[in-house]
Amino acid sequence: MGAVRAIVDLLLPRYCKVCGRRLDTGEEHLCVPCLLGLPRMDYDPAEISPAERLLLTERPLVRAASYMIYEKESDYRRILYHLKYYGHPSVGSWMAETAARELARKGFFDGIGLIVPVPLSKRKRRRRGYNQCTYIAQGISRVTGLEIEENAVCRSSGGVRQAGLGKYQRWGNADGIFSVACPQRLEGCHILIVDDVLTTGATLCSMISAIAQAVPDIRVSVFTLALAVQ
């Protein structure tokens, strides 16, 4: 298998999503130096995580964690660009799988019964061709065995893109954009909402609020691949 991979890499070279260096046969998406330098966030169950601080206003929140720090000036931002805009969603699945192994050892997924990716609007889904959050969910599912539910929550096509907006603009833009299509699918569940980047918390709080109104007995935890530094 290693020989086959070496031949494939020779014919179809792969490159690091961060620095652009050609990857060796044993490397996946990131070269070893970039992987070792990844600005990861540690999750301590005994402490309030930075992600939880942004989402604490939401009543059904149980816990929240992010895997890495996102900074606009950092080369590591390219991981998110590849995931969302450059047509390489498998990097999100691979990173989420790595993160899930670490979080599973700390009990992060205890009691969770279902993974719910943050949905895209139909318009954006058609334009991009995929939902990057679904790929992140797939990486977590491979480690935990949890089922993914993509159809219970819908997102409207209204509003403008969140990227580039200020804090208060993001909150106004995210208000009322989610609806619950299948509340019975979520009743009595502890769900894990999965998103790519947590910035102000506007999108996630809007989604959690919509779910909580439709399903009063819901419990929610959150995982994001990255947390933006404000």
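Relevant structure appears above.
About the thresholds
- Residues numbered from 1 in each chain as written.
- Predicted model: local features only at pLDDT ≥ 70, side-chain atom pairs only at ≥ 80, totals over all residues.
- Heavy atoms only, no water.
- Helix = DSSP H or I, 4+ residues; strand = E, 2+ residues; numbered from the N terminus.
- Contact = heavy atoms within 4.5 Å.
- Buried < 20%, exposed > 50% of the residue type's maximum accessible area, 1.4 Å probe, protein only.
- Expected span 1.5 Å × (residues − 1).
- Pairing = 2+ DSSP bridges.
- Axes fitted to C-alpha atoms, helices over the stretch in contact; angles between N-to-C directions.

Peer 1: Just checking my understanding: could you explain the side chain of Gln-132 for this structure?
Peer 2: Tracing the chain through its elements places Gln-132 in helix α7 (residues 132–144). Setting aside chain neighbours within four positions, we find Gln-132 in contact with Leu-83, Lys-84, Leu-120 and Asp-196.

Peer 1: Could you clarify how one ought to interpret the environment of Tyr-81 in this entry?
Peer 2: Topologically, Tyr-81 is positioned in helix α4 (residues 77–84). Under the relative-accessibility criterion, Tyr-81 is labelled partly exposed at 25%. In the structure, Tyr-81 is positioned 64 residues away from Lys-17 in sequence and 9.1 Å away in space, judged by C-alpha atoms. If sequence neighbours within four positions are ignored, Tyr-81 has contacts with Tyr-70 and Tyr-86.

Peer 1: What is the right way to look at helix α5 (residues 90–105) in this model?
Peer 2: Along an α-helix, residues three or four positions apart point the same way, because every turn accommodates 3.6 residues. Compared with the 22 Å implied by 1.5 Å per residue over 16 residues, the 23 Å span of α5 between its first and last C-alpha is a close match. Taken together, the buried positions of α5 are occupied by Val-91, Gly-92, Ser-93, Met-95, Ala-96, Glu-97, Ala-99, Ala-100 and Leu-103. The elements touched by buried residues of α5 are β1 (61–70), α4, α7 and β7 (219–228). Where α5 ends, the next residue or the one after it, Gly-107, has phi of about 80°, a positive value.

Peer 1: Got a minute to help me understand the sheet that holds strand β3 (residues 147–148) in this structure?
Peer 2: Sheet strands associate in pairs through backbone hydrogen bonding, adopting either a parallel or an antiparallel arrangement. With respect to topology, five strands assemble into an open sheet ordered β1-β7-β6-β2-β3, the strand pairing being parallel. For this open sheet the edge positions go to β1 and β3, each flanked by a neighbour on one side alone. The pairing of strand β2 (residues 114–117) with β3 spans two bridges and is classified as parallel. Paired with Leu-114 across the strands is Glu-147, a residue of β3. Each of β1, β6 (190–198) and β7 touches α4; the most contacted strand, β1, lies at about 110° to it. Across the sheet, α5 touches β1 and β7, and the angle it forms with β1 is around 125°.

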